[in-house]
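These are the residues of each chain, in order.
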Amino acid sequence: ARTLNECLLLQLEAMPETTPYRAHAIDIRVVRIPLVRPFRTSFGVESEKECILAAVDTGDAIGWGECVASPVPGYSSEFNAGVLELLRTFLGPALIAAGDITSGDLDRVFSSVRGNPMAKATLVNAFLDAELRAAGTSLAAHVGAERERVACGVSVGITATTDALLEQVHGYLAEGYRRIKLKIEPGLDVERVAAVRAAHPDILLSVDANAAYTLDDVDVFRELDRSRLLMVEQPLHHEDIVQHATLQARIASDICLDESIRSAADARAAIGLGSCRIVNIKQGRVGGVPEAVRVHDAARAAGIPVWCGGMLETGVGRATNLALAAMPGFTLPGDTSASHRYFMEDITEPFVLAPDGTMGVPDGPGIGVDPIPERLLETTVHAEHVS
Ligand code: OSB
Ligand code: MG
């Protein structure tokens, strides 16, 4: 016979992990913050961060989600005006109409909208944050984080000159960043990367092409192999996994896929085809934290290292990313840089890099940080409400 204590413990284990909550109201806002320096990639230049933030009110807590889309559909097909329309017309009303649910129900709640993972992630993450805040559980604990601090890298935009690039790299290394990623595009690749490698023979160095090349460029990647790169991120078309498998077989460096991985199913397909040996996980690109955990699990089961990508997030998205980056399969430094690498002033308390190149993972309930009310007021350029 069981003791009373054993019975109570068994009952507790049988309880659903979370209590259902109803989203009563959703605040959607567009915020704009100047970047400390323009960020140039092969698909464009950004000198200002503009993103959508959602706050979901369940009555018991308010949860925050940040959308990783930008004003222009240059990285993927999603963009802020489109996301706003989806949140206003389909996703927001669907969440309100769903009634009492848990975060595990959200795939079903949003299933009438195909694709659009960035838009969905905004509400998925906000609802999950509210749920975790009400339960007093940190997002890090929820996803099974195993570290209190994570190793950080930095992504360096395309510069006007090689000297400017060397200067920026030098500055970031002096701050302690543990991996340097250089943005490249055709014509601004082999020589630039070789110059950085020559100046820093022992650092972890990678490149990110943001889909700017084709299979005709295989010789460029063979040249890049000589710079002993940690990885080559998204060299080919933003939705391809077939040609990447061909390229991976022809070069020495490990290919890492970013844009092409929009779900755990994509990750399994890419890994199965041999299209990459590393996966960049951006929770906002794959539809939010729960799908990002599934990408992590799929990669880990296949022995593929993952790392946490970034989309120049404010403190809200950064806190979300840091929780994921503390999971066991995240074995490479992420694009989880300090607030001041992006902004003079963040909308949360700033995230700071320690001299050893690590950053602390928030451990408060939910994402563990709140936007500062005055900063929200200063940065909001548009706000609306769904209820
Ligand atoms: O491809 O990883 C990318 C920023 C915006 C869009 C795409 C990318 C990036 C970065 C910056 O590389 C990562 C960061 O520091 O947030
Ligand atoms: Mg990338």
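Scroll up to find the structure.
The following refers to the structure shown.

Thresholds, definitions, all that
Residues numbered from 1 in each chain as written. Chains lettered and ligands numbered in written order. Predicted model: local features only at pLDDT ≥ 70, side-chain atom pairs only at ≥ 80, totals over all residues. Heavy atoms only, no water. 1 Å grid on protein atoms, 1.4 Å probe; cavity = no way out; pocket = protein on both sides within 12 Å on 5 of 7 lines; lining within 4 Å. Points joined across faces, edges and corners; volume = space filled by probe spheres on them. Helix = DSSP H or I, 4+ residues; strand = E, 2+ residues; numbered from the N terminus. Nonpolar A, V, L, I, M, F, W, Y, C, P; charged D, E, K, R; others polar. Buried < 20%, exposed > 50% of the residue type's maximum accessible area, 1.4 Å probe, protein only. Lys, Arg positive; Asp, Glu negative; His and termini not counted. Salt bridge = Lys/Arg side-chain N within 4 Å of Asp/Glu carboxyl O. Polar contact = N/O pair within 3.5 Å; in protein donor to acceptor, adjacent residues only side chain to side chain. Pairing = 2+ DSSP bridges. Axes fitted to C-alpha atoms, helices over the stretch in contact; angles between N-to-C directions. Donors = N, O, S within 2.8 Å, 3.2 Å for Na, K, Ca; no water. Phe/Tyr/Trp six-rings, centres within 6.5 Å; stacked < 30°, edge-to-face > 60°.

**Considerations on the layout of surface pockets**
Over the atoms rolls a probe the size of a water molecule, and its path tells where empty space is left. Roughly 560 Å³ of volume is contained in the largest pocket. Lining the largest pocket are 27 residues, and of these Asp-107, Gly-287, Pro-290, Glu-291 and Arg-294 lie nearest its centre. Among the elements of the structure, helix 3 (106–109), helix 4 (117–135), helix 5 (139–143) and helix 11 (289–301) are those that each provide at least two residues to the lining of the largest pocket. Among the residues making up the lining of the largest pocket, the classes are represented as 11 nonpolar, 9 polar and 7 charged.

**A short note on the side chain of Lys-120**
Positionally, Lys-120 belongs in helix 4. Buried within the structure, Lys-120 lacks any salt-bridge partner; Asp-107 is the closest side chain of opposite charge, at an N-O distance of 7.4 Å. Reaching out from Lys-120, the side chain makes a polar contact with the backbone oxygen of Val-113 at a distance of 2.4 Å.

**Here's the deal with the sheet that holds strand 8 (residues 180–183)**
One open sheet holds the 7 strands; their spatial order is 7-8-9-10-11-12-13, and the pairing between them is parallel. Among the strands making up the open sheet, the edge pair consists of strand 7 (154–156) and strand 13 (306–308). Neighbour-to-neighbour, the strand axes of this sheet turn through a mean angle of 30°, independent of strand direction. Bridge count between strand 7 and strand 8: 3 bridges; the pairing is parallel. Residue Val-154 lies in a different strand from strand 8, and its bridge partner there is Ile-180.

**Here we look at the coordination of the magnesium ion (ligand 2)**
Six octahedral donors around a metal ideally subtend angles of 90 or 180 degrees, whereas four tetrahedral donors ideally subtend 109.5 degrees. Surrounding the magnesium ion (ligand 2) are the protein donor atoms Asp-208 (OD), Glu-233 (OE) and Asp-258 (OD), which sit 2.1 to 2.2 Å from the metal. Spacing between the donor residues of the magnesium ion (ligand 2) along the chain follows D-x24-E-x24-D. Here Asp-208, found in strand 9 (residues 205–208), pairs with Glu-233, found in strand 10 (residues 231–233); they are 25 residues apart in sequence, far enough to count as distant. The pair formed by Asp-208 and Glu-233 is uniform in burial state, with each residue classed as buried.

**So, the pattern of salt bridges**
The final tally for this structure, using the stated rule, is 20 salt bridges. As a salt-bridge pair, Lys-181 and Asp-208 come within 3.2 Å of each other at their nearest N and O atoms. Here Lys-181, found in strand 8, pairs with Asp-208, found in strand 9; they are 27 residues apart in sequence, far enough to count as distant. Classification of Lys-181 as buried rests on a relative accessible area of 2%. Residue classification places Asp-208 among the buried residues on the basis of a relative accessible area of 1%. The partner of Arg-262 in a salt bridge is Asp-266, with the nearest N and O atoms 3.2 Å apart. It is possible to trace a salt-bridge network through shared partners that takes in Arg-179, Lys-181, Lys-183, Asp-208, Glu-233 and Asp-335.

**Some remarks on the packing of aromatic side chains**
Counted according to the given criterion, the structure contains 4 aromatic pairs. Centre to centre, the rings of Tyr-172 and Tyr-177 are 5.8 Å apart; their planes meet at 80°, and the pair counts as edge-to-face. As far as the burial class goes, Tyr-172 and Tyr-177 line up, both buried. Relative to Phe-343, the ring of Tyr-342 lies with its centre 5.8 Å away and its plane at 40°, an arrangement referred to as tilted. We classify Tyr-342 as buried; its relative accessible area is 5%. Under the relative-accessibility criterion, Phe-343 is labelled buried at 1%.

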